[in-house]
Amino acid sequence: MKEEREISNKDERLYALLIYLLSFPFPIIGPLIIWLLKREESDFIDYHGKEYCNFLISYTIYLTVSGILVIVLIGIILLPLVGLLLTIFTIVAAVKSYGGEKYRIPLIFHFIK
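Calculation criteria
- Residues numbered from 1 in each chain as written.
- Predicted model: local features only at pLDDT ≥ 70, side-chain atom pairs only at ≥ 80, totals over all residues.
- Heavy atoms only, no water.
- Helix = DSSP H or I, 4+ residues; strand = E, 2+ residues; numbered from the N terminus.
- Buried < 20%, exposed > 50% of the residue type's maximum accessible area, 1.4 Å probe, protein only.
- Areas by Shrake-Rupley, 256 points an atom, 1.4 Å probe, with all protein chains shown as cover.
- Lys, Arg positive; Asp, Glu negative; His and termini not counted.
- Charge placed at Lys NZ, Arg CZ, Asp CG, Glu CD.
- pLDDT = per-residue confidence, 0-100.
- Contact = heavy atoms within 4.5 Å.
- Core = buried A, V, L, I, M, F, W, Y, C linked by side-chain atoms within 4.5 Å.
- Expected span 1.5 Å × (residues − 1).
- Axes fitted to C-alpha atoms, helices over the stretch in contact; angles between N-to-C directions.
- Left-handed = near helix turned anticlockwise from the far one by under 90°.
- Nonpolar A, V, L, I, M, F, W, Y, C, P; charged D, E, K, R; others polar.
- Salt bridge = Lys/Arg side-chain N within 4 Å of Asp/Glu carboxyl O.
- Phe/Tyr/Trp six-rings, centres within 6.5 Å; stacked < 30°, edge-to-face > 60°.
- Lys NZ or Arg CZ within 6 Å of the ring centre and 35° of its normal.

*Asks:* When you look at the overall build of the chain in this model, what are you seeing that I'm missing?
*Replies:* The helix and strand inventory of the chain stands at four helices and zero strands. Each helix (α) and strand (β) of the chain, taken in turn from the N terminus, gives the series α-α-α-α. A principal-axis box enclosing the C-alpha atoms of the chain has dimensions of 60 × 25 × 20 Å. Within the chain, buried positions represent 32% of all 113 residues. Within the structure as shown, the chain displays about 7100 Å² of accessible surface, and the carbon and sulfur contribution to it stands at 70%. Of the charged side chains in the chain, 11 are positive and 11 negative, and the gap between their average positions amounts to 6 Å.

Have a look at this one:
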């Protein structure tokens, strides 16, 4: 029984990792498919799927506001900064999820609970 739980734990961590890794080539559809297919099977995958969706929504808002602020020139600084944070937090979340942690991404609003 213990071996079976360890294997599923590895699978859960792999699917959680894939949620974040697939966000690079397919930011919406890849993570959404994994989350929708596996969320009933694992609370861990469900947590990371919700966290990624909240992350995507929050950073879309940040990028939109930064894009609008380009008019007053501060957006020229904010756009690359938000893009950099998006990349860094995605990589950190991928590593933490594969390590089995329920990582809470900074600076996001939790629309989906």
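*Asks:* Is there a simple way to think about the environment of V95 in this case?
*Replies:* On the secondary structure map, V95 appears in helix α4 (residues 74–98). Given the relative accessible area of 58%, V95 is considered exposed. The spacing of V95 and I68 is 27 residues in sequence and 33 Å in space, taken between C-alpha atoms.

*Asks:* Help me understand the confidence of the model for the chain in this model?
*Replies:* A low pLDDT score tells you not to read the predicted coordinates there in detail. Averaged over all residues, the pLDDT of the chain is 90; the fraction at 70 or higher stands at 93%. A low-confidence stretch, residues 1–7 stays under pLDDT 50, and its non-local contacts, those more than four residues away or across chains, total one contact.

*Asks:* Which parts of the structure should I look at to understand the nonpolar core?
*Replies:* Generally speaking, nonpolar side chains in soluble globular proteins are found buried as a group. Formed by 15 residues in total, the largest nonpolar core has its most connected members in Y20, F55, Y59, F89 and I105. Elements supplying a minimum of two residues to this core: α1 (2–21), α3 (43–68) and α4.

*Asks:* What should I look at first to understand α4 in this one?
*Replies:* An α-helical segment advances 3.6 residues per turn. Residues three or four places apart therefore align on the same side. Taking 1.5 Å per residue as the helical rise, α4 with its 25 residues ought to reach 36 Å, and the 36 Å between its terminal C-alpha atoms agrees with that figure. Here α4 has its buried residues at G75, V82, F89, T90, A93, A94 and S97.

*Asks:* Even after reading the chapter, I still don't get the packing of helix α2 (residues 29–38) against α3, so can you show me in this structure?
*Replies:* When two helices pack together, you describe them by how their axes are tilted relative to each other and by the distance separating the axes. Where α2 contacts α3, the two axes come as close as 9 Å, and the packing angle between them is 145 degrees. Here α2 and α3 pass one another in a crossing that is left-handed. Touching P31, W35 and K38 of α2 are I45, D46, G49, K50, Y52 and C53, all from α3. In the contact of α2 with α3, the residues fall into five nonpolar, one polar and three charged.

*Asks:* I would appreciate a short explanation of the pattern of salt bridges in the present structure.
*Replies:* Oppositely charged side chains can form a pair if their charged atoms are brought close together. For the structure shown, the criterion picks out four salt bridges. Among the salt bridges present, the one from E41 reaches K38, with a minimum N-O distance of 3.4 Å. The closest approach of N and O atoms between K50 and D46, which form a salt bridge, is 3.2 Å. Taken together, the residues span about one helical turn, with K50 and D46 both in helix α3 at a distance of four residues. The partly exposed category is assigned to K50, whose relative accessible area is 22%.

*Asks:* I keep staring at the packing of aromatic side chains and nothing clicks. Help me out?
*Replies:* Describing an aromatic ring pair means giving the distance of the ring centres and the angle of the ring planes. A full pass over the atoms with the stated rule returns seven aromatic pairs. An aromatic cluster is present here, built from Y20, Y52, F55, Y59, Y62, F89, F109 and F111 joined pairwise through their rings. Sitting over the ring of Y98, R13 keeps its end group 5.5 Å from the ring centre. Here the basic side chain of R39 rests over the ring of W35, its NZ or CZ set 5.2 Å away from the ring centre.

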